[in-house]
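Examination of the molecular architecture
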Amino acid sequence: MPLFLPHFNIQKFNTLAVPAVANYFVSVQSDEDLREAIAFAKAEQLPLLVLGGGSNIVLRSDFPGLVLHMKTRGIDLVEESDEFVWLKVAAGENWHELVEYSLDNGFYGLENLSLIPGSVGAAPIQNIGAYGVELKDVFAELSALNIQSGLMVTFTNESCQFGYRDSIFKQSLKDQYIITSVTLKLRKVPELNLEYPALRAALIDIPEGEITAEQVSAAVIAIRQSKLPDPVQIPNVGSFFKNPIIPIGQFEHLKSSYPTIVSYPIDAQQVKLAAGWLIDQAGWRGREVNGVKVHQDQALVLTNPGKLEGKLILQLADSVVASVQEKFGVVLEMEPRVYP
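Only a predicted model underlies this, so the values are computations on that prediction, with no experimental measurement involved.

1. Comments concerning the environment of asparagine 105
Structurally, asparagine 105 can be placed in the loop between helix H2 (95-104) and strand S8 (129-130). Among the residues examined, asparagine 105 registers a relative accessible area of 39% and is labelled partly exposed. In the structure, asparagine 105 is positioned 59 residues away from tyrosine 164 in sequence and 29 Å away in space, judged by C-alpha atoms.

Here is the structure:
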C-alpha cells in the first residue's frame, strides 16, 4: 500500500524550486501503486499531478490535489535483431541515465538527446528533441494507464501523433492517461546525426568518419552545459519557450528587416526561428524583474534564483511574450506546463 502524505511541500520536486504544497503526495513504485493512487484520488475527488523530474512545470500556487511522483524502475531488452534492440524502460527512470546506459551497452540513437532533464515517462508527452533528433525517431511504443477505465493501453509511434514538442497526450488525450513504460528501438551500429550546426562545429577537429556516438554525446553535454544553467545551482526548467514555426512569407519579411535573424528551414512553406535570438534582440537577456531573471548566457532560459513563487515567473514570461510579439509579430509559446 503506497503512503499518502498530506500537506506535502513539493519545492524540491520541481526544478524551478517554486515553494508549493500539495494536498497529498505519493511515491509510485509499481503499476499497482499507481492504480491505488488513482483510486485514492477518485475517492477523495482530488485532481492529479503526475511528476517525474519536475523539469517541465511551473507551479502557479499550491496544488489542491494528489501529486503522483513516478519512481518506477527497470530497463529490459525485450527484442533484438541483427540491426536493432528494443528497450522497454519504466516511466520513472531518469532520461539522461538511460542515454548513458544505452551508450555503455552499445545501443545507439539517443546520443543527441544527452543531458535532457526529466524522466522517461515524460519524454513522449512533448516529444523531447535536441540537436537534430527527436524522441519519435527512436520510439517504438509505450504503455499507459487510462485514468478513468483503469485499462492499460499500448500506443504506437503513429498513434502518439508526435509533432514539434507535441503529442496526442498534450492534445486530445491530455490528462487522460499516465504513461507507465516506453519502448525504444535503438541501433547496434551508430548512424550519427551531425546536421545541427553547433554540434558539427563542436566536433570540427575530428574527421567525420572517425566520430563516435560517445563523442557526440560528450559534445552535446558540453554545449548544453555552456548554455543552460544547472537547476541544482540556479533553479530553471531549461528552455522556457518553444522555437516558433512561421510561414515562409512572414520569415522573408522579417529577414528583410533583420538580416541576422537565426532560423532553421522546416520545409518549403515553414521556417523555425530561434526563440532565444528573438528574446535577446528584444532586450531581455540578463534582465531581472521582481527577483526572476532571464539567463545571461541563454535568453531562452528563465531562472528563479531566489526560489520565489510561480506567479512571478509567469509574469516575467508574459512580459517577454508581449515584447517579442510587439517587436517581431511572432507569438512565443511556453514549453513548461502551468499548474494548477
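Still more ground to cover, so stick around.
2. Describing the pattern of salt bridges
Enumeration over the complete set of coordinates arrives at 10 salt bridges. In this structure, glutamate 208 and arginine 200 form a salt bridge, with 3.2 Å as the shortest nitrogen-oxygen distance. Via salt bridges that share partners, Glu134, Lys136, Asp137, Arg165 and Glu335 belong to a single interconnected network.

3. Side note on the sheet that holds strand S13 (residues 236-239)
Within a sheet, each strand pairs with its neighbour through backbone hydrogen bonds, oriented either parallel or antiparallel. Ordered by their spatial adjacency, 4 strands build an open sheet running S13-S19-S18-S17, and the pairing between neighbours is antiparallel. If you trace the sheet from one side to the other, it starts and ends with S13 and strand S17 (288-289), each paired once. Here 2 bridges tie S13 to strand S19 (residues 301-303), and the two strands are oriented antiparallel to one another. Across the sheet, the residue bridging to serine 239 is valine 301, located in S19. Taken strand by strand, helix H7 (residues 310-328) contacts S17, strand S18 (292-294) and S19, and its axis lies near 35° from that of S18.

4. A look at a negative patch on the surface
On the surface, a cluster of negative charge is made up of Glu97, Glu100, Asp104 and Glu214. A total of 3 residues in the negative patch trace back to one element, the largest contributor, which is H2. Along the chain, glutamate 214 falls in helix H4 (residues 213-227).

5. Side note on the packing of aromatic side chains
Two numbers describe a pair of aromatic rings. These are the distance of the centres and the angle of the planes. By the definition in use, this model includes 15 aromatic pairs. Ring geometry for phenylalanine 4 against phenylalanine 40: centres 4.0 Å apart, planes inclined by 15°, an arrangement best described as stacked. Here phenylalanine 4 is found in the segment before strand S1 (5-9), whereas its partner phenylalanine 40 is found in helix H1 (residues 31-44), with 36 residues between them in sequence. Judged by relative accessible area, phenylalanine 4 falls into the buried class, the value being 14%. Ring geometry for phenylalanine 240 versus phenylalanine 241: centroids 5.3 Å apart, planes at 65°, classification edge-to-face. Taken together, the aromatic side chains of Phe4, Tyr24 and Phe40 make up a single cluster linked through ring pairs. The side chain of arginine 287 reaches across the aromatic face of tryptophan 284, ending 3.9 Å from its centre.

The rules behind these values
- Residues numbered from 1 in each chain as written.
- Predicted model: local features only at pLDDT ≥ 70, side-chain atom pairs only at ≥ 80, totals over all residues.
- Heavy atoms only, no water.
- Helix = DSSP H or I, 4+ residues; strand = E, 2+ residues; numbered from the N terminus.
- Buried < 20%, exposed > 50% of the residue type's maximum accessible area, 1.4 Å probe, protein only.
- Salt bridge = Lys/Arg side-chain N within 4 Å of Asp/Glu carboxyl O.
- Pairing = 2+ DSSP bridges.
- Contact = heavy atoms within 4.5 Å.
- Axes fitted to C-alpha atoms, helices over the stretch in contact; angles between N-to-C directions.
- Patch = residues over 30% accessible without salt bridge, like charges linked within 9 Å, V, L, I, M, F, W, Y side chains within 5 Å.
- Areas by Shrake-Rupley, 256 points an atom, 1.4 Å probe, with all protein chains shown as cover.
- Lys, Arg positive; Asp, Glu negative; His and termini not counted.
- Charge placed at Lys NZ, Arg CZ, Asp CG, Glu CD.
- Phe/Tyr/Trp six-rings, centres within 6.5 Å; stacked < 30°, edge-to-face > 60°.
- Lys NZ or Arg CZ within 6 Å of the ring centre and 35° of its normal.

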